[in-house]
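# Remarks on the overall topology
In case you want the letters, here they are:
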Amino acid sequence: MKYRLKKMKYSYYPGCTLKTKAQELEKFALDSATELGIEMTELKDWQCCGAVYPMGEDEIVTKLSSVRSLAAANDKGEKLVTLCSACHHVIKRVNKDMKEKVEVRDKVNNYLQLENNYNGDGEVIHFLEMLRDDYGFDKLSEKVKTSLNGRKIGAYYGCLLLRPEKDMNFDDSENPIIIENFIDALGGKSIKYPYRTECCGGYLVIENKSATEKMTNNIIRSAVENEIQEIVTACPLCKYNLEKSQEAKANNLSVVYFTELLAEALNLK
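As the structure is a computational prediction, the values presented were derived from the model and not from experiment.

Attention now goes to unusual backbone geometry. A cis amide bond links Arg163 to the next residue, Pro164, at an omega of -5°. Along the chain, Pro164 falls in the loop between strand 5 (152-155) and helix 7 (165-168). Phi is positive for Asn169, close to 50°, though the residue is something other than glycine. As for its position among the elements, Asn169 is in the loop between helix 7 and helix 8 (178-185). When its relative accessible area of 60% is taken as the criterion, Asn169 is described as exposed.

Here it is, written out as structure tokens:
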């Protein structure tokens, strides 16, 4: 499969949350992509990825929507770009299943009856990976119009982008640097802190708010102790949980999407 990288043209999967509660994550990404000369075409008739990767070995139905999107991008000869951490996690792992698990691949293709069987040959990448690997952070730095002027910014990765490391292949799960390098490219001062890869509590917020509160408070305290002025993330649920924490409110610590920083640096915000 040959991708048209010189034209920087991609298929784009938004996911449900970016059309409702996380519109800023999408808006600033698309605005920034246009400014950088990157063409991202939203897939037609995309469906919810399911939000959670199915753990049952015989679970096929919840993988179908991801395969439809992967196949649609692959038929166009384009990489599939995602923004939401949860969507990226699900689609990336489903793609790996289609490539490596014959039984899953056969069942899915038999059910979908696509014009062309999908065998996991496509590639799904996160917007950050696109900037790092295809566009280049050095080139991005040259496009900055409004530097972040050394603002002390902490990356919050959470779980879904990094783990399981062999499946996601996004960055070192224990010591990632991609978001820090992104921050530095925009003129900010990235600061590492101990809890940047710890879980925020995720969907526990629905059934066990106290557990989520404890987890998010630990993350915010860790950031504050390292003199971080704001936190950036790619996950809508992580942003929600961190913003709602008592420590974030007490310390007036803002939590923003990484695309907001990008738009600001490109003078689009």
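Here the protein shows a mean pLDDT of 95. Residues at 70 or above account for 98%. Below pLDDT 50 for its whole length, residues 1-5 participates in 16 contacts with residues either more than four positions away or in separate chains.

Pairing is parallel across the open sheet formed by four strands, whose spatial order is 2-1-3-4. Of all the strands in the sheet, just strand 2 (39-42) and strand 4 (124-126) have a single pairing partner and so form its edges. Averaged over all pairs of adjacent strands, the angle between their axes in this sheet comes to 40°, without regard to strand direction. The sheet contacts of helix 5 (residues 127-135) involve strand 1 (9-13), strand 2, strand 3 (80-82) and strand 4, and relative to strand 4 the element is tilted by about 90°.

Moving on, we come to a negative patch on the surface. Together, Glu165, Asp172, Glu174 and Glu198 line one region of the surface with negative charge. Relative to the assigned elements, Asp172 resides in the loop between helix 7 and helix 8. On the basis of relative accessibility, which here comes to 34%, the residue Asp172 falls in the partly exposed class.

Below, the discussion takes up the packing of helix 5 against helix 8. At a closest axis distance of 11 Å, the pairing of helix 5 and helix 8 adopts a crossing angle of 65°. Taken as axis vectors, helix 5 and helix 8 run roughly perpendicular relative to one another. Viewed along their axes, helix 5 and helix 8 form a crossing whose handedness is left-handed. When helix 5 is examined against helix 8, the residues Leu128, Glu129, Leu131 and Arg132 are found in contact with a partner set consisting of Ile178, Ile179 and Phe182. Residues of the contact of helix 5 with helix 8, tallied by class, amount to five nonpolar, no polar and two charged.

The next subject is the pattern of salt bridges. Applying the stated rule across the entire model yields 20 salt bridges. Glu42 is the salt-bridge partner of Lys19, the closest N and O atoms lying 3.0 Å from each other. Remark: Glu42 occurs in strand 2 and Lys19 occurs in the loop between strand 1 and helix 1 (23-36); sequence separation between them is 23 residues. Here Arg132 ties to Asp133 by a salt bridge, and the two come within 2.7 Å at their closest N and O atoms. Taking relative accessible area as the criterion, Arg132 reaches 26% and is therefore assigned partly exposed. Within this structure, Arg93, Lys96, Glu100 and Asp167 form a network of salt bridges that share partners.

This part is about the nonpolar core. Counting 67 residues, the largest nonpolar core has Ile38, Phe127, Met130, Leu131, Leu140 and Phe182 as its most contacted members. Setting aside anything within four residues of it in sequence, one finds Phe182 in contact with Leu128, Leu131, Phe137, Leu140, Phe258 and Leu262.

Turning next to the sheet that holds strand 5. Ordered in space as 6-5-7-8, the four strands form an open sheet in which the pairing is parallel. Two strands bound the open sheet, and with one partner strand each, they are strand 6 (189-190) and strand 8 (254-257).

For any pair of aromatic rings, the description rests on two quantities: the centre-to-centre distance and the angle between the ring planes. In total, this model carries four aromatic pairs according to the counting rule given. On the basis of an interplanar angle of 80° and a centroid distance of 5.7 Å, the ring pair of Phe182 and Phe258 is categorised as edge-to-face. A residue pair is termed long-range when its members are at least 10 positions apart, and Phe182 in helix 8 and Phe258 in helix 13 (residues 258-265) qualify at 76 residues. One Lys or Arg, Lys239, reaches over the ring of Tyr257 and ends 5.1 Å from the middle of that ring. We note Lys269 situated over the ring of Phe28; from NZ or CZ to the ring centre the distance is 5.5 Å.

Our next topic: the pairing of strand 5. Looking at chain direction, strand 5 and strand 6 are connected through two bridges and run parallel. Paired with Ile153 across the strands is Ser190, a residue of strand 6. When strand 5 meets strand 7 (residues 230-233), the two strands line up parallel, connected through three bridges. Within the sheet, the bridge partner assigned to Ala155 lies in strand 7 and is Val232.

Conventions and cut-offs
Position labels on residues start from 1 in each chain and follow its written sequence. Given that this is a predicted model, residues contribute local features only at a pLDDT of at least 70 and side-chain atom pairs are listed and counted only at 80 or more, while totals for whole chains, interfaces and linings are drawn from all residues. Think of the side-chain values as coming from all heavy atoms in the structure, minus any hydrogens and water. Put simply, DSSP marks the helices as runs of H or I at least four residues long and the strands as runs of E at least two long, and each gets a number from the N terminus on. For every residue, the accessible area obtained with a 1.4 Å probe (protein chains only) is divided by the maximum for its type, and the residue is called buried under 20%, exposed over 50%, and partly exposed between those limits. pLDDT gives the predictor's per-residue confidence on a scale running from 0 to 100. For this analysis, residues touch if any pair of their heavy atoms sits within 4.5 Å. A pair of strands counts as paired when DSSP detects no fewer than two bridges linking them. Throughout, an axis means a line fitted to C-alpha atoms (over the contacting stretch in the case of helices), and angles, computed between N-to-C directions, take values from 0 to 180 degrees. Two joining distances apply to patches: 9 Å for like charges and 5 Å for nonpolar side chains (Val, Leu, Ile, Met, Phe, Trp, Tyr), and every residue must have over 30% relative accessible area and no salt bridge. For the area figures, the Shrake-Rupley method with a 1.4 Å probe applies, and any residue is considered shielded solely by the protein chains shown. When a carboxyl oxygen of Asp or Glu is within 4 Å of a side-chain nitrogen of Lys or Arg, the pair counts as a salt bridge. Charge counting treats Lys and Arg as positive and Asp and Glu as negative, with His and both chain ends excluded. Lys charges are placed at NZ, Arg charges at CZ, Asp charges at CG and Glu charges at CD. Geometric relationships in this document are graded by angle, where less than 35 degrees denotes roughly parallel, more than 145 denotes roughly antiparallel, 65 to 115 denotes roughly perpendicular, and other angles denote oblique. The hand of a helix crossing depends on one turn: near helix anticlockwise from the far one by less than a right angle means left-handed, and clockwise means right-handed. For this scheme, ten residues count as nonpolar: Ala, Val, Leu, Ile, Met, Phe, Trp, Tyr, Cys and Pro. Four count as charged, namely Asp, Glu, Lys and Arg, and the remainder, Gly too, count as polar. Among buried residues, those of type Ala, Val, Leu, Ile, Met, Phe, Trp, Tyr and Cys that are joined through side-chain atoms within 4.5 Å constitute a nonpolar core. In this analysis, rings of Phe, Tyr and Trp, with Trp reduced to its six-membered ring, are considered paired at centre separations within 6.5 Å, and the interplanar angle assigns stacked below 30 degrees, edge-to-face beyond 60, and tilted for intermediate values. A ring is scored as having a charge over it whenever the NZ atom of a lysine or the CZ atom of an arginine sits within 6 Å of its centre and within 35 degrees of its normal.

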